[in-house]
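# Residue-level structure breakdown
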Amino acid sequence: MSVVANDKPDRILAVDDTRDNLILVQTILESEGYEIDVVTDGLTALQKIEACPPDLILLDVMMPGIDGYEVTKRIRHNPDLEFIPILLITAFHESSVVEGLDAGADDFIRKPFDTDELLARVRSLLRLKHSIDDQTRMARQREDFVSRLTHDLRTPLVAADRMLTLFQQETFCEISPEMKQAIAVMIRSNQNLIDMVNTLLEVSRFEAGKKTLNLEECSLKPIAEEVVSELAPLATEKNLTLKLVTNELDPQGQDADVVLGDRLELRRVFNNLLGNAIKFTDTGSIEIRIFTTPSTNHHPGEVIIEVADTGYGIAPEDQGRIFERFRQGRNKRAGSGLGLHLSHRIIEAHGGKIELVSELGKGSVFTVKLPKHN
């Protein structure tokens, strides 16, 4: 019998230009409890699949109009369709299995087929379909849980931050210097939690496809200047030299560093990269460099942002996975592992790239490349 999900029989679409073949397949599969739809050409099949996606497609290779390979390619290139396994059916003398699998099919069976073999392949592909559907459903539930959890966590954390600030300001009563110091520690810890929750919320929005970028012409130099100004006191506390270098932009005109981007999200990237550089550098300097690559007939050129530090550096075994979600470095000061992942997602959404070059004991250079807006 067919595998049943949510008390509904599996729906199979059979596509073949020969009516006798369809009747045979329909008879075999309906006797096993499957729900069968049949069509006789590729274009009708594609329309039916878009209107009501089946759980499995049995697809003849040789058909008039568009053949099974082309139907397979169009299904696989349709971003609105979730995964549907495709079983290609062909005669012995027809094109190779390789062509069908390269087109995106999941399995192959040759005519004349054995009934038991057909049913076994159908059961196997439906198990694959159910497994992938379960994983997709669990991933969505996890994303929904993370989103709801971060929303719920943020409210009490913000309320606690406001209350602690009132205590520190002696709004309710006078407090001792020791108590003020303790409250300051609590405020910093609470703010770290708020930052972590906000970052996790942004990550979940990106991964759920719910993040909308407000794109406009953005000059990167002023954004960098703002972030440097805000974080400079942290560098000063550690006796670090903090320098923004934009000399190479000057000869190229005012619009040299303009990109099409979301200013707040790009600012978040600057803040993450520079904040990390300060956090993981105890002596020496941090330098932010902004320059461009020239435009050509085939490429508009890029705006390059480099954040270089003389800190601890990142171990070679960690560098390949440093932008993964929750991927923490080995340094004891490593945070949640979300900041770099979010930065990567933001730059990727802007059509750019973020790269790392690092050597233990000598520091790191994070390089962001964004397409210039001409």
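Residues numbered from 1 in each chain as written. Predicted model: local features only at pLDDT ≥ 70, side-chain atom pairs only at ≥ 80, totals over all residues. Heavy atoms only, no water.

By the naming in an unreviewed UniProt entry, the protein goes by histidine kinase and is assigned to Richelia sinica FACHB-800. If you open the UniProt record of the protein and go to Catalytic activity (unreviewed entry), you find "ATP + protein L-histidine = ADP + protein N-phospho-L-histidine." (UniProt positions renumbered as here; feature names shortened; annotations may be inferred.)

### What to know about the packing of helix H8 (residues 263–279) against helix H10 (residues 339–349)
One can describe the packing of H8 onto H10 by two numbers: an axis separation of 9 Å at closest approach and a directional angle of 145°. Like other packed secondary-structure pairs, H8 and H10 cross with a definite hand, here left-handed. Across from Glu-265, Leu-266, Arg-268, Val-269, Asn-272, Leu-273 and Asn-276 in H8, the residues of H10 making contact are Gly-339, Leu-340, Leu-342, Ser-343, Ile-346 and Ile-347. Across the contact of H8 with H10, the residue classes break down as seven nonpolar, four polar and two charged. (Axes fitted to C-alpha atoms, helices over the stretch in contact; angles between N-to-C directions. Helix = DSSP H or I, 4+ residues; strand = E, 2+ residues; numbered from the N terminus. Left-handed = near helix turned anticlockwise from the far one by under 90°. Contact = heavy atoms within 4.5 Å. Nonpolar A, V, L, I, M, F, W, Y, C, P; charged D, E, K, R; others polar.)

### Observations regarding empty space enclosed by the protein
Scanning the model with the defined rule gives one cavity of 30 Å³ or more in all. In this structure, the largest cavity spans a volume of roughly 40 Å³. In terms of lining residues, the largest cavity is bounded by Leu-266, Val-269, Phe-270, Ile-305, Ile-347, Val-368 and Leu-370. For the lining of the largest cavity, the secondary-structure elements that each account for two or more residues are H8 and strand E12 (363–371). It is H8 that provides the largest number of residues to the lining of the largest cavity, a total of three residues. Classifying every residue of the lining of the largest cavity by side-chain character gives seven nonpolar, no polar and no charged. (1 Å grid on protein atoms, 1.4 Å probe; cavity = no way out; pocket = protein on both sides within 12 Å on 5 of 7 lines; lining within 4 Å. Points joined across faces, edges and corners; volume = space filled by probe spheres on them.)

### Describing a nonpolar patch on the surface
On the surface, a cluster of nonpolar side chains totalling about 350 Å² of accessible area is made up of Met-163, Leu-166, Phe-167 and Phe-172. Here Phe-167 lies in helix H5 (residues 115–168). Since its relative accessible area comes to 35%, Phe-167 is described here as partly exposed. (Patch = residues over 30% accessible without salt bridge, like charges linked within 9 Å, V, L, I, M, F, W, Y side chains within 5 Å. Areas by Shrake-Rupley, 256 points an atom, 1.4 Å probe, with all protein chains shown as cover. Salt bridge = Lys/Arg side-chain N within 4 Å of Asp/Glu carboxyl O. Buried < 20%, exposed > 50% of the residue type's maximum accessible area, 1.4 Å probe, protein only.)

### Concerning the packing of helix H2 (residues 42–51) against helix H3 (residues 68–76)
It is the contact of H2 with H3, at a shortest axis distance of 10 Å, that shows an interaxial angle of 20°. By the angle between their directions, the pair H2 and H3 is classed as roughly parallel. The element H2 and its partner H3 pack so that their crossing is right-handed. Counting all contacts with H2, which are made through Gly-42, Leu-43, Leu-46 and Ile-49, the residues of H3 involved are Val-71, Arg-74 and Ile-75. Along the lines of polarity and charge, the residues of the contact of H2 with H3 split into five nonpolar, one polar and one charged. (Parallel < 35°, antiparallel > 145°, perpendicular 65-115°, else oblique.)

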